[in-house]
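# A structural walkthrough
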Amino acid sequence: MRQELTLQNGDIKKLLIKYSIPAIIGMLVSALYNVVDRIFIGNMEEVGALAITGVGITMPIVTIALAFSMLIGIGSTANISIKLGQGKKESAEKIMGNIITLSVLIGFLITVIGILYKKNILIAFGASESTLKYAEEYIGIILYGTIFNIMGYSLNSTVRADGNPKIASIIMVASCLFNIILDPILIFTLNMGIKGAAYATVLSQVLTAVLSIAYYMSKKSNLKIKRINLSLDKNIVKLIFAIGISPFTMQLATSMVQVVNNNALKTHGGDLAIGAMATVNAVALLCFMPVYGISQGAQPIIGYNFGAKQYERVEEAFKISAGVGVVIFLIALFFVELFPQSIVGLFNKNPDIMAISIHGMKIYLMAMPCIALGMAGSNYFLAIGEGKAAMFLSLLRQVILLIPLIMLLSRMYGLTGVWLAQPICDFIAAVVTMYMVIKNLNKYNNHKTTIFSKVRIYE
């Protein structure tokens, strides 16, 4: 009860700090799974450039697995927050049980389909004769960890809604450190190469799932995983999917964009251009995750207060999270534009791939502040249970705008056009997102909403 009163009555800034800092740590740690792998793989002697390209080709498959993780994890977390805000603890625990079963079923299907058709999929995703070997070696192992990947992500997300964001971040940090320790041992000491990076990632995902389950079996959790709740309830599944469908669609769209990108990059820049995109995406992940963590931290605050009909607190949480996100991205953009060579050099020292990466990164990430508004807006609609609006915003940025622009601009400007498509989409999507959020807030509040100020124009 103490936690519920804090969410309903506590200072919004303090609550955001409490929930966002652990979430930011968790998001950064989650990003480091991919980033650390790419750093070690990119620095492998002789084959580093081709190996990191191979990893880049597998990213659409990894993103598909992440899409299902978000479908279950974010959909469950938002619903659990709303149920707790309504005082329905038993309903929240039923959602917990369904997470386990959904993770096992969906993870198993992805693993089987991926293993059976991985070669054909990778070729369609942009693999060449030179890079197919590395892509197959990496993804062939990653796929076996899909169940643990989905379950670990989903359960760890709900730990924040359960009122223990610090524990959620501790679990993620422990898993990431495990991955960082294993990477050099398996890749270099045991001479396993790219397979070692994959094994390190899978074992770390297993650890995340095990520790998250252990939390819900301990006395520290408010909610409990109960055997009786493991049976799938179609109404609960619908609730989870109704909210989770937006981030799920966004990630599937991201996977589709990655496929289009890979093929456009291969056409206009060759294999090394795909490797460059893998490097740029790794940098982007590190920039995005703090802001995404703020959005994740704001989600239980927005969801709880929306359920309690405290709409002014909902608005305040959105404004602060969006504003802080913009500031973080401005700082990140400063370093990206001024120190690109030092940043890219962490991943690969090959002069050809470095040149392509630096050129691409400075263009690709130049609209980062706009992305903060898009993230905060999508998260707002997810938190209040309006999954369709969030899904539209995701499709707008990743499909409706981006894919046609990649195709058009790549024909007009070659490789530079591929990089340029993303910032144009980010700007347009931010404008549309802010319009929709303000319109929605005005529906619930009795005043006209401004974006980053507490100044209000009363009707």
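Now for a quick tour of the structure. Fair warning: this is a prediction, and the values are worked out from it, not measured in the lab.

Another aspect to go through is the environment of G163. Turning to its location among the elements, G163 is positioned in the loop between α6 (146-161) and α7 (165-189). Once the C-alpha coordinates of G163 and Y19 are considered, the two residues, 144 residues apart in sequence, prove to be 8.7 Å apart.

Between helix α9 (residues 234-269) and helix α16 (residues 415-444), the least distance of the axes is 8 Å, while the angle of their chain directions is 150 degrees. Overall, the two elements α9 and α16 adopt an arrangement that is roughly antiparallel. For the pair formed by α9 and α16, the contact residues are N261, A264, L265, H268 and G269 on the first element and L415, V418 and W419 on the second. The residue makeup of the contact of α9 with α16, split by class, is 5 nonpolar, 3 polar and no charged.

What follows concerns the side chain of N229. As for its position among the elements, N229 is in the loop between α8 (194-217) and α9. A polar contact is formed between the side chain of N229 and the backbone oxygen of E93, at a distance of 3.4 Å. Residues contacting N229, with those up to four places away along its chain left out, are E93, K94, G97 and N98.

Per the counting criterion, the structure on display carries 12 aromatic pairs. Of the aromatic side chains, those joined through ring pairs into one cluster are F306, Y311 and Y444.

The next point concerns the nonpolar core. Judged by nonpolar contacts, the single largest core of 144 residues is most densely connected at F288, F329, L365, M368, Y380, F381 and W419. Broken down by element, the residue count for this core peaks at 19 residues, all from helix α10 (residues 271-307). Discounting residues that sit within four places of it in the chain, L365 has contacts with V283, A284, F288, L333 and V336.

So, about helix α14 (residues 368-383). Turn by turn, an α-helix covers 3.6 residues, leaving residues three or four places apart pointing in a common direction. In a regular helix each residue adds 1.5 Å, so 16 residues correspond to 22 Å; α14 covers 23 Å between its end C-alpha atoms and thus fits that length. Counting buried positions over the 16 residues of α14 gives 16, a clear majority of the element. Just downstream of α14, G385 is the residue with a positive phi angle, here 85 degrees.

For residues besides glycine, phi is generally negative; the peptide bonds are generally trans as well. In this model, N191 sits at a positive phi of 55 degrees, which is unusual for a non-glycine residue. One can find N191 in the loop between α7 and α8. Accessibility expressed as a relative area gives 67% for N191, which makes it exposed. A positive phi angle, near 65 degrees, is found at K309, a position not held by glycine. When you line up the elements, K309 lands in the loop between α10 and α11 (311-338).

Reading guide: rules and limits
- Residues numbered from 1 in each chain as written.
- Predicted model: local features only at pLDDT ≥ 70, side-chain atom pairs only at ≥ 80, totals over all residues.
- Heavy atoms only, no water.
- Helix = DSSP H or I, 4+ residues; strand = E, 2+ residues; numbered from the N terminus.
- Axes fitted to C-alpha atoms, helices over the stretch in contact; angles between N-to-C directions.
- Parallel < 35°, antiparallel > 145°, perpendicular 65-115°, else oblique.
- Contact = heavy atoms within 4.5 Å.
- Nonpolar A, V, L, I, M, F, W, Y, C, P; charged D, E, K, R; others polar.
- Polar contact = N/O pair within 3.5 Å; in protein donor to acceptor, adjacent residues only side chain to side chain.
- Phe/Tyr/Trp six-rings, centres within 6.5 Å; stacked < 30°, edge-to-face > 60°.
- Core = buried A, V, L, I, M, F, W, Y, C linked by side-chain atoms within 4.5 Å.
- Buried < 20%, exposed > 50% of the residue type's maximum accessible area, 1.4 Å probe, protein only.
- Expected span 1.5 Å × (residues − 1).

Take it as geometry only, folks, not as evidence of what the structure does.
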